Amino acid sequence: EDKKKTKKKKTNKMRRIKAINKITKQIKITEQTIRTKAVSFKLAGEWEIEKAGGNIKEPRKELEIEKDTLLDMYRLMVRVREFEKAADGQYKKKNIRGFCHLYSGQEAVLTGCEIAGNYEDAMITAYRCHGHQLARGDTMERCMAELFGKATGCAKGKGGSMHMYFAENNFFGGNGIVGAQVPVGAGNALGILQKAKREGRENENVAWVYMGDGASNQGQVYEAYNMAKLWNLPVVFIVENNKYGMGTPISRSSASVDFYNKGAMAHVPGIRTNGMDVINTYEVARFAKEHAVKNGPIILELETYRYYGHSMSDPGISYRTRDEINEVRKTMDPIMLFKLKTTQDQNIFTEQELKDIEKEAKAEVKGAVKHATEAAQPADKEFVSDILFNEGYKVRGRSVYENYEVTL
């Protein structure tokens, strides 16, 4: 009887040991899985900081990013690139008319900032806005239809390339007047602050305000810097420095080419960094948002490059050479740099994984072009609707004898 009890105790003990070993193994596997989901990066710290009299810190030089987040980065950059390629082709086929400004080459700026933020943050930009509309969650079908001037477009076919808008996710356009979006963006930040106050909570959001280097010398930009600091608004001013404005080298158009420190007169700090590296941009943008929420406005000067001319009417080679453009494509392209970092420098993804994302984006844009081609033209009433915000009004036509009664 004693032998049986002893044997039973040993058996139970072995079972417990096996169970503990199994649990320990599962914990190790789980820990390994968690570790492999996040990837470590070391940044070179290639940034210049204007402290503007404040005690501003600096971005991290070592960071971890989850694999899913990295894939989101690549997916957005590729979707924007493929969309702009298609827009270029459709413009040349005359399916898209009027002004059209393409974003190819600058994708890392938008992507890094968007991944660092969220849809609760406000965003506003100038007229190079197709990618921003996509980044805020709109579909390629609606965006392409808008370029085609069709009824299913994101602005009913009435905004075109320059005036996309997605209020559902706090994207406030697409603005056609150079620099005019900057004070409006400061107003977005004021609205964010007031909303948090009304709801009795601490603010966690910012307004992302994009402008080009050509807009940065506008008087209203300096006024916006001043008011933003006066009220310590949670706003990140982003200067997308693509070196040429509308077609003039920055050295010929700006007495100072240090755009990141142009808010120093109002004690607004700034950072200049490489905007072609999406991981670097992401970290600097994350840091900027954190600063803006706690301390008020900050300026990011993100050095970037556009492959096309200012607009489709600009061949883009009268003020720079083809060799220069090709050299940037070969050595600094944001999509290429991401691939190198994640497939060669670190074995994070296989080339096939990234190719699958490219394939999806190409299929999506192909479907968008098909949809835009087949979509209906806006109804005649759309030519006179959305002018005044009331239940009915009259609109004069081409002469005093031609009038339209608009009812909503």
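Structural data are supplied above this passage.
Every residue gets a number counted from 1 within its own chain, in the order that chain's sequence is written. The predicted origin of the model limits local features to residues at a pLDDT of at least 70 and limits the giving and counting of side-chain atom pairs to 80 or more, whereas totals for whole chains, interfaces and linings rest on all residues. The side-chain numbers reported here are obtained from all heavy atoms of the structure, hydrogens and water having been left aside.

Caption draft 1: Highlighting the nonpolar core. Only buried residues count toward a nonpolar core, which is a set of Ala, Val, Leu, Ile, Met, Phe, Trp, Tyr and Cys residues joined through side-chain atoms within 4.5 Å. Relative accessibility decides the category of a residue: with a 1.4 Å probe and only protein chains considered, values under 20% of the type maximum give buried, values over 50% give exposed, and everything between is partly exposed. Within the largest apolar cluster, 71 residues are counted, with the highest numbers of intra-cluster contacts made by Leu 70, Met 144, Trp 208, Val 236 and Phe 338. Considering each element in turn, this core owes the most residues, 11 residues, to helix H2 (residues 67-92). What makes two residues a contact is simply this: any of their non-hydrogen atoms within 4.5 Å. Discounting chain neighbours no more than four positions away, the residues touching Leu 70 are Val 39, Phe 41, Ile 65, Ile 279, Phe 338, Ile 348 and Phe 349. Ranked by size, the runner-up nonpolar core spans 23 residues in total, among them Ala 122, Ala 189, Ala 215 and Val 235. Runs of H or I in DSSP of at least four residues are treated as helices and runs of E of at least two as strands, each being numbered from the N terminus.

Caption draft 2: Examining helix H12 (residues 351-374) more closely. Every helix has an expected span of 1.5 Å times one less than the residues it contains. Given a rise of 1.5 Å per residue, 24 residues ought to cover 34 Å, and the 35 Å separating the end C-alpha atoms of H12 matches this to within 8%. Turning to H12, its buried residues number three or more, namely Leu 354, Ile 357, Glu 358, Ala 361, Val 365, Ala 368, Val 369 and Ala 372. Looking at the buried positions of H12, the neighbouring elements they touch are H2, helix H5 (140-147) and helix H11 (334-345).

Caption draft 3: Geometry of the layout of surface pockets. Here the largest pocket defines a volume of roughly 380 Å³. Using a 1 Å grid laid over the protein atoms alone, points where a 1.4 Å probe fits but cannot get out form a cavity; open sets with protein on both sides within 12 Å along at least 5 of 7 lines form a pocket; any residue with an atom within 4 Å of a point counts as lining. Forming the walls of the largest pocket are 26 residues, and the residues nearest its centre are Tyr 127, Gly 212, Gly 214, Ala 215 and Gly 245. Sort the elements by how many residues they give to the lining of the largest pocket and strand E5 (residues 207-212) lands first, with three residues. The nonpolar class holds Ala, Val, Leu, Ile, Met, Phe, Trp, Tyr, Cys and Pro. Asp, Glu, Lys and Arg form the charged class, and all remaining residues, Gly among them, are polar. For the lining of the largest pocket, the class distribution of residues is nine nonpolar, 13 polar and four charged. Grid points are joined across faces, edges and corners, and a volume is the space filled by probe spheres set on the points.

Caption draft 4: Quick peek at the state of the cysteines. Note on terminology: pairs of cysteine sulfur atoms within 2.5 Å are recorded as disulfides. All told, the structure shown has zero disulfides when counted by the stated rule. Free cysteine Cys 100: the closest other cysteine sulfur is in Cys 129, separated by 9.6 Å. We note that Cys 129 lacks a disulfide partner, and the nearest cysteine sulfur, in Cys 154, lies 7.9 Å from it.

Caption draft 5: Region of interest: the packing of H2 against H5. It is the contact of H2 with H5, at a shortest axis distance of 11 Å, that shows an interaxial angle of 30°. Taken together, the axes of H2 and H5 lie roughly parallel to each other. The handedness of the crossing between H2 and H5 is right-handed. Facing Arg 79, Phe 83, Ala 86 and Ala 87 of H2, the residues of H5 in contact are Met 140, Cys 143, Met 144 and Leu 147. In the contact of H2 with H5, the residues fall into seven nonpolar, no polar and one charged. A fitted line through C-alpha atoms serves as each axis, taken over the contacting stretch for helices, and the angle formed by two N-to-C directions is quoted from 0 to 180°. Small angles under 35 degrees read as roughly parallel and large ones over 145 as roughly antiparallel, with 65 to 115 read as roughly perpendicular and the rest as oblique. Take the far helix as your reference; a near helix turned counterclockwise from it by less than a right angle gives a left-handed crossing, and one turned clockwise gives a right-handed crossing.

Caption draft 6: Quick look at the side chain of Asn 242. In this fold, Asn 242 is placed in the loop between strand E6 (235-241) and helix H8 (250-253). Its relative accessible area of 6% is what places Asn 242 among the buried residues. We call two N or O atoms a polar contact when they sit within 3.5 Å, provided that within protein one can donate a hydrogen and the other can accept it, with sequence-adjacent residues counted only if both atoms are side-chain atoms. Of the polar contacts made by the side chain of Asn 242, one reaches the side chain of Gln 106; its length is 2.9 Å. Apart from the residues lying within four places of it in its own chain, the contact partners of Asn 242 are Gln 106, Asp 213, Thr 304, Tyr 305 and Arg 306.

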